[in-house]
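# A look at the structure
Take a look at the letters that make up each chain.
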Amino acid sequence: MGSVNLPSGAAIPPLERFSHVILTGSEASILAPKPWFETEVKLIHHAVDRGIPILGSCFGHEMLVYALSGPEYLRRADPPEVGWAEIEIVDSDPLFDGLPNPWSTFVFHFGEVIDPPAPWRVLGRTRHCETHVLRYGDRPVWGIQAHPEISSRKARLFLRFTLLLGLRPARQVLRALRNAPPRNDVADTVLRRFLEV
């Protein structure tokens, strides 16, 4: 197990050392490319070519589409989703079959995927994002706009720090803190199932 912070310039160890790849969120915007994006694009292509399962969350979800289909399938979210969203699963998939539908999870994104081309399949959506859960054909490559890797407790802490640091969007963050749902283990189940692929 290991982690790599690409924006810091850290080198990626050989993929043969890993059974799975998880691409998480970022302070970067997918709509404002950085030099390290190309390193992540190459990583994604190598992992897909080798059949290594990939799960992208938030920025990672967007980066999967950027890498495998192109930046023209990304845009600014209107409106951004901040707090918790109900994900409705709209197509069958082993990662999500049998889970509560809809299920609530933490979201904090300002970009989104729009009309992804084949072989992408839309598996789930929220009220404001039609492409919230994607799979790259039948390959073991999934993207989730939400943050299943962030627990409800950590999400609340993150939102409080956002307020303390004076970061935006304060109004949406306050609303999210007031409307936080009870904890559920759906995201844990999705992560466990992914790691069993």
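Counting from 1, residues in each chain are numbered in the order their sequence is written. Given that the model is predicted, a residue must reach a pLDDT of at least 70 before its local features are reported, and side-chain atom pairs must reach 80 or more before they are shown or counted; all residues, however, enter totals for whole chains, interfaces and linings. Only hydrogens and water are set aside when side-chain values are computed; all heavy atoms of the structure are taken into account.

A separate point is the nonpolar core. With 28 residues, the main nonpolar core has Val21, Phe37, Ile44, Ile54, Met63, Trp120 and Val141 as its most contacted residues. Numbering of helices and strands runs from the N terminus, with a helix taken as a DSSP run of H or I at least four residues long and a strand as a DSSP run of E at least two residues long. Elements that contribute at least two residues to this core include exactly strand S1 (21-23), helix H1 (37-50), helix H2 (59-68) and strand S6 (133-136). When residues in this core are grouped by element, the largest group, 7 residues, is from H2. Every residue pair with non-hydrogen atoms within 4.5 Å of one another is taken to be in contact. What Phe37 contacts, discounting residues up to four positions off in sequence, is Ala28, Ser29, Ile30, Ala32, Phe59, Met63 and Tyr66. Buried Ala, Val, Leu, Ile, Met, Phe, Trp, Tyr and Cys residues that are joined via side-chain atoms within 4.5 Å together make up what is termed a nonpolar core. The buried label applies to any residue whose accessible area, calculated with a 1.4 Å probe on protein chains only, is under 20% of its type's maximum; exposed applies above 50%, and partly exposed to all values in between.

What follows deals with a nonpolar patch on the surface. A contiguous nonpolar surface patch, about 550 Å² in accessible area, is contributed by Leu157, Phe161, Leu164, Leu165 and Leu167. Mapping Leu165 onto the fold places it in the loop between helix H3 (152-164) and helix H4 (170-178). A relative accessible area of 63% means that Leu165 is categorised as exposed. Note that patches include only residues with greater than 30% relative accessible area and no salt bridge, and the join distances are 9 Å for like charges and 5 Å for nonpolar side chains (Val, Leu, Ile, Met, Phe, Trp, Tyr). Only the protein chains shown count as cover for residues, with accessible areas throughout obtained via the Shrake-Rupley method and a probe of 1.4 Å. A carboxyl oxygen of Asp or Glu within 4 Å of a side-chain nitrogen of Lys or Arg is what we treat as a salt bridge.

Summed over the entire model, instances satisfying the criterion amount to 8 salt bridges. Bridged by salt links that share partners, the residues Asp91, Asp93, Arg121, Arg135 and Asp138 form one connected network.

What follows covers the layout of surface pockets. Cavities and pockets are found on a 1 Å grid laid over the protein atoms alone: a cavity is a set of points where a 1.4 Å probe fits but cannot escape, a pocket is an open set with protein on both sides within 12 Å along at least five of seven lines, and a lining residue has an atom within 4 Å of such a point. Grid points are joined across faces, edges and corners, and a volume is the space filled by probe spheres set on the points. Its volume calculated, the largest pocket comes out at about 810 Å³. Lining the largest pocket are 28 residues, with Gly2, Ser3, Val4, Ile22 and Leu23 positioned closest to its centre. Elements with a minimum of two residues in the lining of the largest pocket: S1, H1 and helix H5 (186-195). Per element, the largest residue contribution to the lining of the largest pocket is 3 residues, and it comes from S1. Each pocket or cavity is described by its volume, and for the second largest pocket that value is around 630 Å³. Around the second largest pocket sit 25 residues that line it, and Ser26, Glu27, Phe108, Phe110 and Phe158 are the ones nearest its centre. Contributions of two or more residues to the lining of the second largest pocket are made by H2, strand S4 (103-113) and H3. Polarity classes work like this: nonpolar for Ala, Val, Leu, Ile, Met, Phe, Trp, Tyr, Cys and Pro, charged for Asp, Glu, Lys and Arg, and polar for all others, with Gly in that last group. Taken together, the residues that form the lining of the second largest pocket break down as 13 nonpolar, 7 polar and 5 charged.

Omega for the peptide link from Asp78 to Pro79 comes to 5°, which places this bond in the cis form. Looking at where Pro79 falls in the secondary structure, it is placed in strand S3 (residues 74-89). With an omega of 5°, the peptide bond running from Asn101 to Pro102 counts as cis. Following the sequence through the fold, Pro102 ends up in the loop between S3 and S4. Although it is not a glycine, Asp115 adopts a positive phi angle of roughly 45°. Mapped onto the elements of the fold, Asp115 is located in the loop between S4 and strand S5 (120-125). Residue Asp115 is classed as exposed on the basis of its relative accessible area of 60%.

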